[in-house]
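Here's the letter readout for the chains.
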Amino acid sequence: MPVPLLDLRAQHATIRDEVLPALEKLADSQLFILGAPVEQLEREVAELSHTKYAVGCASGTDAILLALKALDCGPGSEVITTPFTFFATAGTIHNVGAKPVFVDIEPRTFNIRPDAVAAARTSKSKAVVPVDLFGQMAAVEEVANAVPGLPVIEDAAQTIGARRMIDGEWRMAGEAATIGTFSFFPSKNLGAYGDGGMMVTNDQGLAERLKRLRMHGGSKMYFHDEVGFNSRLDALQAVVLSAKLPHLAQWSAGRRKNAEYYNQAFADLDGVVTPYVEPNNESIFNQYTIRAQRRDDLQNYLKERGIGSSIYYPLPLHLQPCFAYLGYKEGTCPESERAAKEVLSLPIYPELTHGQLDEVITAVRGFYGR
Ligand SMILES: Cc1ncc(COP(=O)(O)O)c(C=O)c1O
């Protein structure tokens, strides 16, 4: 039986009776741009994230871009981030005209190292962008403490609904940052039927600016305070996401359960390091990412048996050809470079059956001769 890395049709089958009528109703209204459905989703995501404001936009990429703009990151400024992330985190920094400054990760969580952030700060630093990788929140409070006064944009594209115990209280992904950003790309735990994104904040001034920036920089039609973008969340996506949101906690719990099942099955395997979740974190396991000996051979072995897997991410961003102008050499972020050679993400979606999980386990164990 093949086991894909992700099977969105399995999820759709469980909710089609909730989603399709909502889509039909919206089609009947013919009101597609922003409006009540987007406002409703913004309220729901703000509530989930324990923030005062949420602002929808066209994608997780744009959410970072708009956040950077709202914090005046532009030419002459530096923005500190991790090179072990999806390209958008740094591509947006470049695209606002700022300079990405890459610092290394903590090898167990794959998330940015707060002490490295502190060491990278200069008089040009304008913001820091920790990324909550694979569903586990970065040490956002430690990052903020490491660079007092510097705004924190938490790239929570992979982490909506995750939480972290900070000073004795559970804080949601996006909550402890100056601005938190989400992606509703279909493969995310809360995925749209296309692209979508959102920014959350507790700062009213920032929320208002983000709203202007997503609509060409104007607070009133045809009057522009600054030059912004066309980056609106589609109302069609908003109704899909509002229909899915009540299921998010249960889906993420299903992923955690699957992760636990794998962890136990791989515990005695020398070739595999299972994901580490800090005791003060609750991951939503957007990915289940192992470190594997002979990783590329393992991936081929799984492929031959119809088992999907993926390498997130094969080349850290400081070594990407497009960032050669920044002058990073191999060896500057050794843990990111090592992770890129060792990581492999396995199927973890909540609709996986026990039979499918066992198939993945048998194949991985078989590869290592166990
Ligand atoms: C860490 C990270 N940042 C940013 C993004 C960009 O989100 P989107 O694909 O919605 O633009 C993604 C999603 O792919 C991501 O995983």
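For the structure itself, consult the block above.
This section reports on the structure supplied with the text. (Residues numbered from 1 in each chain as written. Predicted model: local features only at pLDDT ≥ 70, side-chain atom pairs only at ≥ 80, totals over all residues. Heavy atoms only, no water.)

**Brief notes about the sheet that holds strand β10 (residues 272–273)**
Strand order in the open sheet formed by three strands is β10-β12-β13, with antiparallel pairing between adjacent strands. The sheet is open, and its two borders are formed by β10 and β13 (343–346), each paired with just one other strand. Contacts from helix α10 (residues 295–304) reach β12 (288–292) and β13 within the one sheet, and its direction differs from that of β13 by about 25°. (Pairing = 2+ DSSP bridges. Helix = DSSP H or I, 4+ residues; strand = E, 2+ residues; numbered from the N terminus. Contact = heavy atoms within 4.5 Å. Axes fitted to C-alpha atoms, helices over the stretch in contact; angles between N-to-C directions.)

**Considerations on the site of the ligand**
Near the ligand lie 16 residues; those nearest to it are G60, T61, D155, S183 and K188. At 2.8 Å from a nitrogen atom of the ligand is found a side-chain nitrogen or oxygen belonging to D155. In the environment of the ligand, an oxygen atom lies 2.9 Å from a nitrogen or oxygen atom belonging to the side chain of K188. Sorting the residues of the shell around the ligand by element identifies α3 (60–70) and α4 (88–95) as the ones contributing at least two each. When residues of the shell around the ligand are assigned to their parent elements, the largest contribution, three residues, is made by α3. (Near = heavy atom within 4 Å. Polar contact = N/O pair within 3.5 Å; in protein donor to acceptor, adjacent residues only side chain to side chain.)

**Points about the pairing of strand β9 (residues 197–201)**
On a regular strand, one side chain projects to one face of the sheet and the next to the other, so that they alternate. With respect to burial, β9 is a largely interior element, five of its five residues being buried. The sheet contact formed by strand β1 (residues 53–57) and β9 spans five bridges and is antiparallel. From the neighbouring strand, Y53 faces β9, where its bridge partner is T201. By the bridge criterion, four bridges tie strand β8 (residues 179–183) to β9 in an arrangement that is antiparallel. What sits directly across from T181, in β9, is M199. (Buried < 20%, exposed > 50% of the residue type's maximum accessible area, 1.4 Å probe, protein only.)

**Notes on the pattern of salt bridges**
When the charged atoms of two side chains with opposite charge come close together, those side chains can pair. Applying the stated criterion across every chain yields a total of 19 salt bridges. Two residues, R370 and D268, come together in a salt bridge whose shortest N-O distance is 3.1 Å. Placement of R370 in the segment after α12 (354–367) and of D268 in the loop between α9 (248–266) and β10 is noted, with a sequence separation of 102 residues between them. For D268, a relative accessible area of 38% puts it in the partly exposed group. Across the pair R305 and E304 runs a salt bridge whose closest N-O atoms are separated by 3.5 Å. On the accessibility criterion, E304 (64% relative accessible area) is exposed. Each of the salt bridges in this network shares a partner with another, and the network as a whole consists of E141, E142, R164 and E278. (Salt bridge = Lys/Arg side-chain N within 4 Å of Asp/Glu carboxyl O.)

**What about the pairing of β13?**
Burial of the side chains of β13 extends over both faces: V343 and S345 are buried on one face and L344 and L346 on the other. Across four bridges, the pairing between β12 and β13 is antiparallel. Counted as the bridge partner of T289 is S345 from β13.

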